[in-house]
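One letter stands for each residue in the lines below.
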Amino acid sequence: MQSDSIYIIAFSPLPNKNFEGLEGRLAIHTRGYALQYISAQSLDPHALMHFRIEQKFELFEDKQWFPVQMHADLHFKQVSIARQAMQGVFRSYVQQVNLEPMLKAADFDEVTQEITTEAARKPEAFWQARRPVSLSSIEQNTYQYLDSAGRAVKIDKVLKVAQVFATQRWPWGKVDIDLHQLLRINRFEGLRLGLGLLTNADFHENWQLGGYVAYGFKDGRIKYGAQAAYQMPGRYGLKAGLGFSDDVQEPGNVQAGQDRQTLLARPIRYFLTERMDRLRKGMAWVEGRPWRFTQVQVGLSTTRLDPLYDYTFFDEEADRQRQSFHLTEFSARLRFAFGEQYGRIGQYKIWLGAKSPYFLFHYARGLNWLGGEYAYQKWESLLTYTFQWRKIGQTQATLSGGWVSGKVPYPLLYHSPGLTREMPAHEPNHFQTMELYEFLSNRFVNVFLLHRFGELLFKSKSRIFRPALTLAHSMAWGDISRPFRHQQIDFKIPRRGYYESGLLLEDLLRFKYLDTAYLGLGAGVFFRYGPYHLDTFAKNTFYRLTSRFTF
């Protein structure tokens, strides 16, 4: 007869170690030496939120350990209700375990959490029948108090505002107001005000119609656009659409680097934009999710492009100068975000984040159809990967590259992503010591490296002063064919390699934000060196400010 044993392992950070460790216990069962139980809790005395987790496993069919109970408790130290510190209590129970389900990974879509519109309308009997453990009297009183308090402070409206910021859409009957179009600011347009409307599922479950109009007070131009799209049923998320627009766009951008931007996460770099092209564009596209964590889009567009700045393209073969361009372009785009998750609240899907690696690829081909005047190919890619090191922190590496062949005007080339000395804020994946439109290429490679030591080298006992060290290094190489074609604009070519390095100290000062998080302010210094260094030490030195939220 085989006897079973359980080994109990207690763990906690060693004294004087500079990392945010956990304290807890593990129970290891000798049958398969499997994890049977785990508990862990946070230890930072200055954290505004304390958490504790527990998980229990059971052996099923004498061959597989499986989690059956998961508990989590959150304690908000600074937030109180009726003079009691607010706590969050989460309990999950797994029943009716089937070790051989007739399911594949492909049977699941990207939505991992969902709150249906019917959830709030279910009677109490519905929830009673599904609770493995009945509510205690304290829990029942808590629900009743929160229900009455929620009506008093109109918590439904607060939650609606939170949903609006997550979806970037404000519901208004059968249409939603697109918050992306309401307000923008940049150097070219100045203050840009607009209105965008999109139909929602109350209008039609599959069809979506939308449009917008905007006006820039500095450039004095009206911009507008419209689209119609059809969402096909099925787990592949197939969607097809048509659209047109008359708008402005900055030249020299890498399409593979343009991805999801939320209302509150628009890059600081956008505000610096001072060159724009006018694009009158018609397009058709199809997109979907053929594999897990992967999105694919293909499209066809025709564009009339007019630079709104002094520029002339010299076509030496035709011996003529041009200042307006007509493009017809086929494009294909692939996006892979490992571990990407979405949540769904009613009819709205919300992005919940992704892990590493993160990969984007964009291909475009210029065609001589529909009035297109330029035959070219563009290949662009971006890869971000994060390395976790046991004792020295975390390294984030971002590699991007692009190449455009053929005879193309300046708006289709690539600017190295620089900032200006006037902008004090640090912008990730940008060259901190490079001017906005300083370097131009038709083929390039950029490398951005960040290593975050955090508090591993030094840990302050102060709640306000918690410096976290980050080292940065960036490089760029590029070249351009026949630069004489591009006239009336100044630029350099990074043939010999562009280099900069820097140091950031984050959380030099921390301030409580809504008593649930810390807003940390920091500073950094970057130095430009190598073949394209400037003539004095002061000109090569740039200072940056940082900000971030921590709990």
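See the structure printed just above.
Let me sum up the structure you'll find in this document. Just so we're clear, the structure is a prediction, and the values are computed from it rather than from any experiment.

## A short note on the overall build of the chain
Along the backbone of the chain there are four helices and 32 strands. The principal-axis extent of the C-alpha atoms belonging to the chain is close to 90 × 60 × 55 Å. Per-residue burial for the chain yields a buried fraction of 38% across its 551 residues. Across the chain, the fraction of contacts at a sequence separation of at least 24, relative to all contacts at a separation of at least 6, is 58%. Averaged over its 68 positive side-chain charges, the chain has a centre that lies 2 Å from the centre of its 54 negative ones.

## Here's the deal with the sheet that holds strand β18 (residues 320-322)
Across the sheet, three strands lie side by side as β18-β17-β29; this open sheet has antiparallel pairing. For this open sheet the edge positions go to β18 and β29 (486-487), each flanked by a neighbour on one side alone. Two strands pair when backbone bridges link them, and strand β17 (residues 312-315) and β18 are joined in this way by three bridges, in the antiparallel orientation. When the sheet's bridge partners are listed, D315 is paired in β18 with R320.

## Remarks on the nonpolar core
Counting 27 residues, the largest nonpolar core has Y311, Y376 and Y410 as its most contacted members. Among all residues touching Y311, those that are not within four sequence positions of it are Q323, F325, P409, Y410, P411, R485, H486, Q487, Q488 and I489. Counting seven residues, the second largest nonpolar core, distinct from the first, contains F431, F439, F448 and A476.

## As for the pattern of salt bridges
Considering all chains together, one arrives at 32 salt bridges under this definition. The salt bridge partner of D315 is K407, with a shortest N-O separation of 3.1 Å. Here D315 is found in strand β17, whereas its partner K407 is found in the loop between β24 (393-405) and β25 (414-415), with 92 residues between them in sequence. For K407, a relative accessible area of 22% gives the class partly exposed.

## Observations regarding the sheet that holds strand β7 (residues 111-115)
In sheet architecture, strand pairing relies on hydrogen bonds along the backbone and comes in two forms, parallel and antiparallel. Spatially, three strands are ordered β7-β20-β21 in an open sheet, and the strand pairing comes out mixed. Across the chains shown, the open sheet's two edge strands, defined by having one partner strand only, are β7 and β21 (348-353). Between one strand and the next, the sheet's axes are offset by a mean angle of 25°, whatever the strand orientation. Relative to β21, strand β20 (residues 341-345) runs antiparallel, the two sharing five bridges. Pairing of G343 across the sheet is with I350, part of β21.

## A few points about the packing of aromatic side chains
Applying the stated criterion across every chain, the model contains 25 aromatic pairs. Between F293 and F338 the ring centres are 5.5 Å apart and the planes differ by 70°, which places this aromatic pair in the edge-to-face class. Highlighted residues: F293 in the loop between β15 (277-288) and β16 (294-307) and F338 in the loop between β19 (325-337) and β20, separated in sequence by 45 residues. F293 gets classed as buried once you look at its relative accessible area, which sits at 14%. These aromatic residues form a ring-pair network of at least three members: Y309, Y311, F313, F325, Y374 and Y410.

## What about unusual backbone geometry?
Residues S356 and P357 are joined by a peptide bond in cis, for which omega reads 10°. Along the chain, the position of P357 falls in the loop between β21 and β22 (358-366). The phi dihedral of Y33 falls on the positive side, at around 45°, and the residue is not glycine. Turning to its location among the elements, Y33 is positioned in the loop between β2 (22-29) and β3 (34-42).

About the thresholds
Residues numbered from 1 in each chain as written. Predicted model: local features only at pLDDT ≥ 70, side-chain atom pairs only at ≥ 80, totals over all residues. Heavy atoms only, no water. Helix = DSSP H or I, 4+ residues; strand = E, 2+ residues; numbered from the N terminus. Buried < 20%, exposed > 50% of the residue type's maximum accessible area, 1.4 Å probe, protein only. Contact = heavy atoms within 4.5 Å. Lys, Arg positive; Asp, Glu negative; His and termini not counted. Charge placed at Lys NZ, Arg CZ, Asp CG, Glu CD. Pairing = 2+ DSSP bridges. Core = buried A, V, L, I, M, F, W, Y, C linked by side-chain atoms within 4.5 Å. Salt bridge = Lys/Arg side-chain N within 4 Å of Asp/Glu carboxyl O. Axes fitted to C-alpha atoms, helices over the stretch in contact; angles between N-to-C directions. Phe/Tyr/Trp six-rings, centres within 6.5 Å; stacked < 30°, edge-to-face > 60°.

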